[in-house]
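Reading the structure
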Amino acid sequence: MLQIRQATINDAISIALLGRVTFNDTFGHLFSDHNDLLDYLERTFSVAKISSSLEKDNNQFFIAFYNDLPVGYAKLKLDSTSEFLPSQKVCQLQKIYVLKDFLSKKIGKALQDSLLIEAQNKSFEKIWLSVYHENSRAISFYEKNGFKPIGTHGFQIGKEYFDFIAMAKPLQNG
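Our subject in this report is the structure included herewith. Bear in mind that the values here come from a model prediction, so they are computed numbers and not experimental data. (Residues numbered from 1 in each chain as written. Predicted model: local features only at pLDDT ≥ 70, side-chain atom pairs only at ≥ 80, totals over all residues. Heavy atoms only, no water.)

Some details on the pairing of strand β3 (residues 69–77)
With 8 bridges connecting them, strand β2 (residues 59–66) and β3 associate as antiparallel partners. The residue of β3 that forms the bridge with F65 is P70. Counting the residues between successive antiparallel strands, the hairpin from β2 to β3 contains 2 residues, one of them, N67, with a positive phi of roughly 50°. In the sheet, β3 pairs with strand β4 (residues 90–98) via 6 bridges, with the strands oriented antiparallel. (Pairing = 2+ DSSP bridges. Helix = DSSP H or I, 4+ residues; strand = E, 2+ residues; numbered from the N terminus.)

Here is the structure:
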């Protein structure tokens, strides 16, 4: 049975582990230098970093449990403008990570729906995200859920340079 709830500081260890495992599963093969990957995982998904992020007012995390096991999480960043959107009333779907063994359970969709409801309840006009340009599964998922490309940008991790597609969708308020 699937359960999604807003995450608390007590979920930091689970979120840190989910982030490390899912990022490595999805992107680990793209790193020519394994140390660059390990450095990124430690910087981005340490318990301290996740704890700090959970405590920020402009971050909202949701965590998904399947049969009581933590299997995924999502992060909504409030008031996060994009160079590709003129509106100031914008938020960012910053992460949706689900363990690969649970992708078929539609947990990503449920996490996204939880974020969208939260964003609408806070009266944001648009939500945007960035997705790796070769992550066709994610791009297809977002397109099916009403996101449209709005631009491209790069991101460097260690020696690796990655191209991303920025996508956005309007939020229906009221």
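Having put the structure on the table, let's press on.
A look at the packing of aromatic side chains
Each aromatic ring pair is specified by the distance between its two centres and by the angle formed by the two planes. If you walk through the whole model with that rule in mind, you get 16 aromatic pairs. Look at F155 and F164: their rings are 6.4 Å apart centre to centre, the planes differ by 85°, and that puts the pair in the edge-to-face class. Look at F155 and you get partly exposed, because its relative accessible area is 39%. Take F164: its relative accessible area is 17%, and that puts it in the buried class. Among the aromatic residues, those joined into a ring-pair cluster are F23, F27, F31, Y40, F45, F61, Y73, Y97, Y132, F155, F162 and F164. Just above the ring of F124 sits the side chain of K89; from NZ or CZ to the centre is 4.5 Å. (Phe/Tyr/Trp six-rings, centres within 6.5 Å; stacked < 30°, edge-to-face > 60°. Buried < 20%, exposed > 50% of the residue type's maximum accessible area, 1.4 Å probe, protein only. Lys NZ or Arg CZ within 6 Å of the ring centre and 35° of its normal.)

Side note on helix α2 (residues 34–45)
Along its 12 residues, α2 runs 16 Å from first to last C-alpha, staying within 8% of the 16 Å computed at 1.5 Å per residue. Among all positions of α2, only D36, L37, Y40, L41, T44 and F45 are buried. Buried residues along α2 cover an arc of 135° about the axis, so they all sit on one side. The N-cap of α2, judged by a side-chain oxygen 2.9 Å from the amide nitrogen of N35 a few residues on, is D33. (Expected span 1.5 Å × (residues − 1). Arc of directions from axis to C-beta. Polar contact = N/O pair within 3.5 Å; in protein donor to acceptor, adjacent residues only side chain to side chain.)

Points about the side chain of S80
With respect to the element layout, S80 can be found in the loop between β3 and β4. For S80, a relative accessible area of 8% translates into the label buried. Side-chain polar atoms of S80 contact the side chain of Q92, separated by 3.0 Å. Each residue touching S80, except ones within four places of it in the same chain, is listed here: V90, C91, Q92 and W128. (Contact = heavy atoms within 4.5 Å.)

Some thoughts on unusual backbone geometry
Residue K106 is not a glycine yet carries a positive backbone phi of 65°. Mapped onto the secondary structure, K106 falls in the loop between β4 and α4 (107–121). Classification of K106 as exposed rests on a relative accessible area of 59%. We note that S123 has phi near 65°; this positive angle belongs to a residue other than glycine.

Remarks on the packing of helix α1 (residues 12–27) against helix α3 (residues 47–55)
At a minimum axis separation of 9 Å, α1 and α3 run at an interaxial angle of 120°. Note that α1 runs across α3; the crossing there is right-handed. Contacts from A12, I13, I15 and A16 in α1 reach V47, I50, S51 and L54 in α3. For the contact of α1 with α3, a count of residues per class yields 7 nonpolar, 1 polar and no charged. (Axes fitted to C-alpha atoms, helices over the stretch in contact; angles between N-to-C directions. Left-handed = near helix turned anticlockwise from the far one by under 90°. Nonpolar A, V, L, I, M, F, W, Y, C, P; charged D, E, K, R; others polar.)

With respect to the sheet that holds strand β1 (residues 2–6)
Strand pairing in a sheet takes place through backbone hydrogen bonds and is either antiparallel or parallel in direction. The 7 strands are arranged β1-β2-β3-β4-β5-β7-β6 in an open sheet whose pairing can be described as mixed. Two strands in the sheet have a free side with no partner beyond their single neighbour: β1 and β6 (148–157). Taken over all neighbouring pairs, the strand axes of this sheet differ in orientation by 25° on average, direction set aside. With 7 bridges connecting them, strand β5 (residues 126–132) and strand β7 (residues 160–170) associate as antiparallel partners. Considered in β7, the bridge of L129 is made with M167. Against the sheet, α1 touches β2, β3, β4, β5 and β6, its axis set at about 90° to β3. Together, β3, β4 and β6 form the strand contacts of α2, whose direction differs from that of β6 by roughly 110°.

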